[in-house]
Amino acid sequence: MKDQESRGVDRREFLRTGITAAAAVAGAGTGAGLSTSAAMAAAARPPIEEVAETFLEEYVRDVLPLMVASNEASWTASTDVSEAHSAAQASAMEKVYEKAGARRVIEETSRLLGQKDQLDDLTIRQLEKVRLAAAEAPGTLPDVVRARTQAEAKQAATQDGFTYTLKREGKPDEHPSANAIDRALINSRDLDERLAYWQVAKTIGEPLRPGILRLRDLRNQLARAMGFDDFFALQVADYGMTTAEMIALCDRLAAEVKPLYAQLHAWAKHALAKRYKAEPPAGKIPAHWLPNRWGQNWPGLVEGVDMDAPFKGKTKEYIAEQAERFYVSLGFPKLPPSFWRKSDLYPADPKSGRKKNSHASAWHIDLREDVRSLMSIEPNNEWFGTAHHELGHIYYYISYSRPEVPYLLRAGANRAFHEGVGDLIGLASGQRPYLKSVGLLTPEAEAAPAVNFLLDTALDGSSVVFLPFAAGTMTHFERDFYAGTIADAKLNEGWWDHVGAFQGIAPPGDRPETLCDPATKTHINDDPAQYYDYAIGTVIKFQLHDHIAREILKQDPRDCNYFGDARVGEFLRGILRLGATRDWNAVLREATGESLTARPMVAYFEPLMEWLKGQNAGRPVGWQ
Ligand code: X8Z
Ligand code: ZN
């Protein structure tokens, strides 16, 4: 097998799409059974099914090699920013789009999907993926596709090549990395210094502003030509949902955690006021008070629970290796040597002059064995969580890369599942029994009351504080942005309206419209109209965790240990290995017994809610 992989892509693998693969699996093991069932499947197949299968085979044969080349070019452009790499990335992407969005592909997909009643479910699923990929780059508008591809590569280069410059009176200019800005916002107790770092974090929005406006128009133009209301509607369609349904879902999730968020907001405001020796603000929290550039999570607020402390003596390599050990302990394989060889896991040496994307990501280069991650790991709690998150993507890739899953369905049950898996292991890796067992629990943290730990979990990572940002601010801003209901001259105003309403956070002073605060969030530029993935992923994470702790481990969900438990691994692999071959609602219901709901998430924090109400007694809660 290994030999074959290193020689490149095996054509026979391409050809295993749709029912062809299913039939091969059904008959596997018995030589005679294989040919009989394959023959029976062939005989029973309506002619249109055969046409569809041939179409899909040819599509994969044509598109996959171009996609692999394009992924390689994007990887190079993201890990070593230069004009030449950016141009190569755009040119490789154009080649994919030329094939994937070809007029014939659009016409044939729509013709075949018009006869769904005669098609196999797996075939329909693959055709839907082909249809959505074509809608991203319709060959009917080649000039617009080209313009968009180039604008995207340019925006990525502007973002990834940006240098922050911190100017402070009486000090020489500094050029902090994104990691350094994050550290300052977590650790500094000096409000002037905090403001300086917060403001410098927002300077990247200005050069990104023209590009994001142009990208919005190009993305919309293509999506509308393909019959979608706008680009946001096209991205949501991957869930089989409309924009209105997605917004209603996100609003429901945000509403379910709102009472708890309001209590956390009131508590944090007073805790921070004490920390900065300032008066608690009457309503919203000033953005530069919070320990994150967007207020999307609030780490380090709980006194006595210093989650960074255990990592002080550790190396950056330890972070990645310990995350791998967690997955391996559940029965997942060790990461392939190529992962360690080809990934780019640590900060670039500033002396090297090399610039790389500063945001973590996981890559499935060839939809087979070539999996990589791009990170800038430092030994601290934030990167500990992020490393578990990224390896969740990697183990998802590995689990569904098997012959039974057609290439076109080597994706998550939906994109939110992909985000939720690593976060789930991140949640598990933050449980005290596990931390204690691997020596990552300081005596102070061990002695701290359980509610302090719960509080830290609610504030940090993808959790309670995160939902108003993900389901609220980001999702609503992008919906409005692509629908055109926010004027070009009012992007900051529109952004801060949402931040204020959903998160109860206010900017420290005027935000001129020459800046562009939404574009400081990487996903707005390079993962557009998809942030609800993280909101839904967060909710799924708590659903899965609740099931694993109660039904599999028979342990308290707030005090449990997955490490070394093969049953947990088996349960997870049962979901991961399906890829996108099944409807995500069904996968979730079968795995947990429930449809999508924040119920287990709210239940997880029930004791915290009671505690917060006590702490906040007599204080105004909310910010309106
Ligand atoms: O972007 C990410 C991952 C990569 S898929 C690190 N996350 C979101 C963010 O950083 O804004 C994980 C949580 C939310
Ligand atoms: Zn992710």
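Residues numbered from 1 in each chain as written. Chains lettered and ligands numbered in written order. Predicted model: local features only at pLDDT ≥ 70, side-chain atom pairs only at ≥ 80, totals over all residues. Heavy atoms only, no water.

**Considering the overall build of the protein**
- Regarding its fold elements, the protein presents 29 helices and four strands.
- Expected size for 624 residues packed as a compact globule is a radius of gyration near 25 Å; at 25 Å, the protein falls within 12% of this value.
- Here the protein, with 624 residues, has 58% of them falling under the buried criterion. (Helix = DSSP H or I, 4+ residues; strand = E, 2+ residues; numbered from the N terminus. Rg over C-alpha atoms; globule rule 2.2 N^0.38 Å. Buried < 20%, exposed > 50% of the residue type's maximum accessible area, 1.4 Å probe, protein only.)

**A closer look at the coordination of the zinc ion (ligand 2)**
- Coordination of the zinc ion (ligand 2) by the protein is provided by His389 (NE2), His393 (NE2) and Glu419 (OE), with metal-donor distances spanning 2.0 to 2.1 Å.
- Counting gaps between the donor residues of the zinc ion (ligand 2) yields the pattern H-x3-H-x25-E. Of this pair, His393 sits in helix H17 (residues 381–400) while Glu419 sits in helix H18 (residues 415–428), placing them 26 residues apart in sequence.
- Under the relative-accessibility criterion, Glu419 is labelled buried at 11%. (Donors = N, O, S within 2.8 Å, 3.2 Å for Na, K, Ca; no water.)

**Here's the deal with the packing of helix H22 (residues 466–483) against helix H23 (residues 491–503)**
- Viewed as axis vectors pointing N to C, H22 and H23 meet at an angle of 150°, and their least axial separation amounts to 9 Å. With respect to H23, the axis of H22 lies roughly antiparallel. When you trace H22 past H23, the crossing you get is right-handed. Contact with H22, carried on its side by Pro468, Phe469, Gly472, Thr473, Met474, His476, Phe477, Asp480 and Phe481, involves Leu491, Gly494, Trp495, His498, Val499, Phe502 and Gln503 of H23 and no other residues of that element.
- Tallied by class, the residues present in the contact of H22 with H23 amount to nine nonpolar, six polar and one charged. (Axes fitted to C-alpha atoms, helices over the stretch in contact; angles between N-to-C directions. Parallel < 35°, antiparallel > 145°, perpendicular 65-115°, else oblique. Left-handed = near helix turned anticlockwise from the far one by under 90°. Contact = heavy atoms within 4.5 Å. Nonpolar A, V, L, I, M, F, W, Y, C, P; charged D, E, K, R; others polar.)

**Thoughts on the site of ligand 1**
- Surrounding ligand 1, one finds 13 residues, the nearest of these being His359, Lys521, His523, Tyr531 and Tyr534.
- In the environment of ligand 1, an oxygen atom lies 2.7 Å from a nitrogen or oxygen atom belonging to the side chain of Lys521.
- Notes on ligand 1: free accessible area 370 Å², of which the protein chains cover 86%.
- For the shell around ligand 1, the leading source of residues is H17, giving three residues.
- Its residues placed into classes, the shell around ligand 1 shows four nonpolar, six polar and three charged. (Near = heavy atom within 4 Å. Polar contact = N/O pair within 3.5 Å; in protein donor to acceptor, adjacent residues only side chain to side chain. Areas by Shrake-Rupley, 256 points an atom, 1.4 Å probe, with all protein chains shown as cover.)

**Examining the environment of Asn414**
- Relative to the elements of secondary structure, Asn414 occurs in the loop between H17 and H18.
- Taking C-alpha positions, Asn414 is 35 Å from Asp306, a pair spaced 108 residues apart along the chain.
- Contacts of Asn414, omitting those with residues within four sequence positions, involve Tyr239 and Trp584.

**Notes on the confidence of the model for the protein**
- Scored by pLDDT, the protein comes out at a mean of 92, with 93% of its residues at no less than 70.
- Between residues 1–36, whose pLDDT stays under 50, and residues either more than four places distant or in other chains, the model counts 54 contacts. (pLDDT = per-residue confidence, 0-100.)

**Overview of the pattern of salt bridges**
- With the rule as written, the count across this model stands at 38 salt bridges.
- A salt bridge links Glu128 to Lys116, with the shortest nitrogen-to-oxygen separation between them at 3.4 Å. One end of the pair, Glu128, is in helix H8 (residues 121–136); the other, Lys116, is in the loop between helix H7 (103–113) and H8, with 12 residues separating them in the sequence.
- Since its relative accessible area comes to 22%, Glu128 is described here as partly exposed.
- Arg415 is the partner of Asp238 in a salt bridge, and the nearest nitrogen-oxygen pair spans 3.8 Å. Of this pair, Asp238 sits in the loop between helix H13 (231–236) and helix H14 (243–275) while Arg415 sits in helix H18, placing them 177 residues apart in sequence.
- Residues joined by salt bridges that share partners form a network here, namely Glu72, Lys342, Asp370 and Arg372. (Salt bridge = Lys/Arg side-chain N within 4 Å of Asp/Glu carboxyl O.)

**Describing the pairing of strand S3 (residues 371–374)**
- Residues Val371 and Ser373 of S3 are buried on one face, and the alternating residues Arg372 and Leu374, pointing to the opposite face, are buried as well.
- Both strand S2 (residues 361–364) and S3 contribute to a ladder of four bridges, which runs antiparallel. Pairing of Trp363 across the sheet is with Arg372, part of S3.
- Linking two consecutive strands that pair antiparallel, namely S2 and S3, is a turn of six residues; a positive phi of about 60° is found at Leu367 within it. (Pairing = 2+ DSSP bridges.)

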